[in-house]
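# Structural overview for review
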Amino acid sequence: FQSETEARRYIEALRWPNGQRVCGKCGSVGSDYPTKREGRYRCGQKECRKDFTVTTGTVMESSHIKLNVWLMAFYLMASSKKGMSAHQLHRSLDITYKSAWFLAHRIRLAMANGGLLSGPIGGPGQIVEADETYFGKVENPLTMTTSGRPFVKRGAGPANKRPIIALVERGGQARVFHVAEATKKTVAKLLEENVDRRSRLHTDESNLYPAIGKSFASHETVKHKAGEYVRGDVHNNTAEGFFGVFKKGMTGVYQHCAEKHLHRYVGEFEFRFNHRVKLGWSDKARADAALVGAEGKRLTYRRTDGAEQHVQA
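Residues numbered from 1 in each chain as written. Predicted model: local features only at pLDDT ≥ 70, side-chain atom pairs only at ≥ 80, totals over all residues. Heavy atoms only, no water.

## Regarding the overall build of the chain
Formally: Going along the chain from the N terminus, every DSSP run of H or I of four or more residues is numbered as a helix, and every run of E of two or more is numbered as a strand. For every residue, the accessible area (1.4 Å probe, protein chains only) is compared with the maximum for its type, and the residue is labelled buried under 20%, exposed over 50%, or partly exposed between those bounds. Here a residue-residue contact requires only that any non-hydrogen atoms of the pair lie within 4.5 Å. Residue burial considers only the protein chains on display, and all accessible areas are found by Shrake-Rupley using a 1.4 Å probe.
Helix and strand counts for the chain come out as 9 helices and 10 strands. Out of the 313 residues belonging to the chain, those deemed buried represent 44%. Across the chain, contacts joining residues at least 24 apart in sequence account for 59% of those joining residues at least 6 apart. Just so you have it, the chain exposes about 16400 Å², and 51% of that area is on carbon and sulfur atoms.

Okay, structure coming up:
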């Protein structure tokens, strides 16, 4: 849209599909009335009486960026398989780099928890692949122990790397997590909370999975060290394919990511995977889903001792 008015009407149709507006302050439905300013409404509840717009209570609230620019940004980030850098948004949308960077993070927040099912993935006869990868360096790597000796990494995973764990339903959704450390306890907790126990669990030969794998219908592995990647329908190539797209986007498009923001980038790639073309999603439908996901989320700046920090409301 080139018109901000048309963009606002488009977002209103998405957020309020039945025509009844919802107050962004108190949540009352259909009790509002228009004000003199187009697109601004006043709640009719005596306890509220606050003005609101379609962006109230969303990641777009209090933004000075035009709504048609927001729509273009949502579309670009939703339709770019490997992501869209803030510098590219800055050039394409003709806004400042700082605005593009903060706008991109707000859209990532709208994409957060992008799964279509709220319950566990998998089910009877369904295959769920679990895998882990390591990306980038931690912000403050350990070099010395508390006793003054040189730090030596022990346990699973490379030293001072950022672990990411993916749980992918074959032909379905993914749940992806950036965790502090990839341990048996962490992996077990994620599997218990996100995967139906009646599923078939497929992993590689990592020692993170055998214990928790006993609680599923079956646990089958492939041995990568022996050159085995597929055995019948046993493999974790779907999870590895997700990691392939994620790493190409992070290294080729974004290039650098602070660890405190990594979970947002992970959520962005998870959202696009869960709304991919093979599941029937078009670029437009994916962008609309991200717009709907913007409701009830805020990301603002707060200054603490002179430093800017992200605060999620």
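## Some details on the sheet that holds strand S3 (residues 51–52)
Put simply, the rule reads: Here, a strand pair is defined by DSSP locating no fewer than two bridges between the strands.
Pairing is antiparallel in the open sheet, where 3 strands are placed in the order S1-S2-S3. Either end of the sheet is taken by a strand with one partner, and the two such strands are strand S1 (33–34) and S3.

## Thoughts on helix H5 (residues 184–194)
For clarity, the threshold we go by: The arc in question is the one traced by the directions running from the helix axis out to the C-beta atoms.
For H5, the set of buried residues is Val187, Ala188, Leu190, Leu191 and Asn194. Projection of H5 onto a plane perpendicular to its axis shows the buried side chains occupying an angular sector of 165 degrees, all on one side. Looking at the buried residues of H5, the elements they touch are strand S4 (127–137), strand S5 (161–169), strand S6 (174–178), strand S7 (200–204) and helix H6 (210–213).

## Brief notes about the side chain of histidine 105
Mapped onto the fold, histidine 105 is located in helix H4 (residues 97–111). When residues no more than four places from it in sequence are discounted, the contact partners of histidine 105 are His261, Arg264, Tyr265 and Leu299.

## A word on the nonpolar core
We apply this condition: Side-chain atoms within 4.5 Å are what join buried Ala, Val, Leu, Ile, Met, Phe, Trp, Tyr and Cys residues into a set we call a nonpolar core.
Core analysis: the largest hydrophobic core is formed by 58 residues, its most contacted members being Phe74, Phe246 and Met250. Counting 18 residues, the second-largest nonpolar core is a separate cluster that includes Ile121, Ile165, Ala188 and Phe216.

## Description of the sheet that holds S7
Using the following cut-off: Axis definition: a line fit to C-alpha positions, over the contact stretch in the case of helices; interaxial angles, taken between N-to-C directions, run 0 to 180 degrees.
Within the open sheet, the 5 strands sit side by side as S6-S5-S4-S7-S8. Their pairing is mixed. Because the sheet does not close on itself, it has two edges, and the strands there are S6 and strand S8 (218–222). When the angles between neighbouring strand axes are averaged without regard to direction, this sheet yields 25 degrees. Of the strand pairs in this sheet, S7 and S8 are connected by 5 bridges, and their pairing is parallel. By the bridge assignment, leucine 201 is partnered in S8 with histidine 219. Against the sheet, H5 makes contact with S4, S5, S6 and S7, and its axis sits at roughly 30 degrees relative to S5, the strand it touches most.

## Re the packing of H4 against helix H8 (residues 262–274)
In plain terms, the rule: Working definition: roughly parallel below 35 degrees, roughly antiparallel above 145 degrees, roughly perpendicular at 65 to 115 degrees, and oblique for all remaining angles. Each crossing is labelled by how the near helix is turned from the far one, with a counterclockwise turn of less than a right angle marking it left-handed and a clockwise turn marking it right-handed. Lys, Arg, Asp and Glu make up the charged group, whereas Ala, Val, Leu, Ile, Met, Phe, Trp, Tyr, Cys and Pro make up the nonpolar group; the residues left over, Gly among them, are polar.
Contact geometry of H4 with H8 gives a least axis separation of 8 Å together with a crossing angle of 60 degrees. When the axis of H4 is compared with that of H8, the two are oblique. As for how H4 packs across H8, the hand of that crossing is left-handed. Along the contact surface, H4 presents His105, Arg108, Leu109 and Met111, while H8 presents Arg264, Tyr265, Gly267, Glu268 and Phe271. Taken together, the residues of the contact of H4 with H8 break down into 4 nonpolar, 2 polar and 3 charged.

## A closer look at the packing of aromatic side chains
The geometry of an aromatic ring pair is captured by two quantities: the separation of the ring centres and the angle between the planes. Selection rule: Pairing of aromatic side chains requires ring centres within 6.5 Å, counting the rings of Phe and Tyr and the six-membered ring of Trp. Pairs whose planes differ by under 30 degrees are stacked, by over 60 edge-to-face, and all others tilted. Criterion for a charge above a ring: Arg CZ or Lys NZ at most 6 Å from the ring centre, at most 35 degrees from the ring normal.
Within this structure, the stated rule accounts for 10 aromatic pairs. Judged by centre distance (5.9 Å) and plane angle (40 degrees), the rings of tyrosine 41 and phenylalanine 52 are tilted. On the criterion of sequence distance, the pair formed by tyrosine 41 in strand S2 (residues 41–42) and phenylalanine 52 in strand S3 is long-range, its members being 11 residues apart. Assigned by exposure class, tyrosine 41 and phenylalanine 52 land together as buried. Taking the centre distance of 5.6 Å and the plane angle of 90 degrees together, the rings of phenylalanine 242 and phenylalanine 273 count as edge-to-face. Of this pair, phenylalanine 242 sits in helix H7 (residues 237–254) while phenylalanine 273 sits in helix H8, placing them 31 residues apart in sequence. Phenylalanine 273 matches phenylalanine 242 in its accessibility class, with the two residues each being buried. By way of ring pairs, the aromatic residues Phe135, Phe246, Tyr254, Tyr265 and Phe269 are connected into one cluster. Directly above the ring of phenylalanine 216 sits arginine 197, whose terminal nitrogen or CZ lies 5.8 Å from the centroid. When the ring centre of phenylalanine 269 is taken as reference, the NZ or CZ atom of arginine 272 above it lies at 4.8 Å.

## Topic: unusual backbone geometry
In this model, serine 62 sits at a positive phi of 65 degrees, which is unusual for a non-glycine residue. Tracing the chain through its elements places serine 62 in the loop between S3 and helix H2 (67–79). The class of serine 62 is exposed, set by a relative accessible area of 57%. Located in the positive-phi region is glutamine 255, a residue other than glycine, with phi close to 65 degrees.

## Quick notes on a positive patch on the surface
To keep it simple, the criterion reads: Nonpolar side chains (Val, Leu, Ile, Met, Phe, Trp, Tyr) are joined into patches within 5 Å and like charges within 9 Å, using only residues with over 30% relative accessible area and no salt bridge. Any Lys or Arg side-chain nitrogen found within 4 Å of a carboxyl oxygen on Asp or Glu counts as a salt bridge. Only four residue types enter the charge count: Lys and Arg as positive, Asp and Glu as negative, with His and the chain ends excluded. By convention, the point assigned to a charge is CZ for Arg, NZ for Lys, CD for Glu and CG for Asp.
Together, Lys81, Lys82, Lys248 and Lys278 give the surface a local cluster of positive charge. Mapped onto the elements, lysine 278 comes out in the loop between H8 and helix H9 (283–292).

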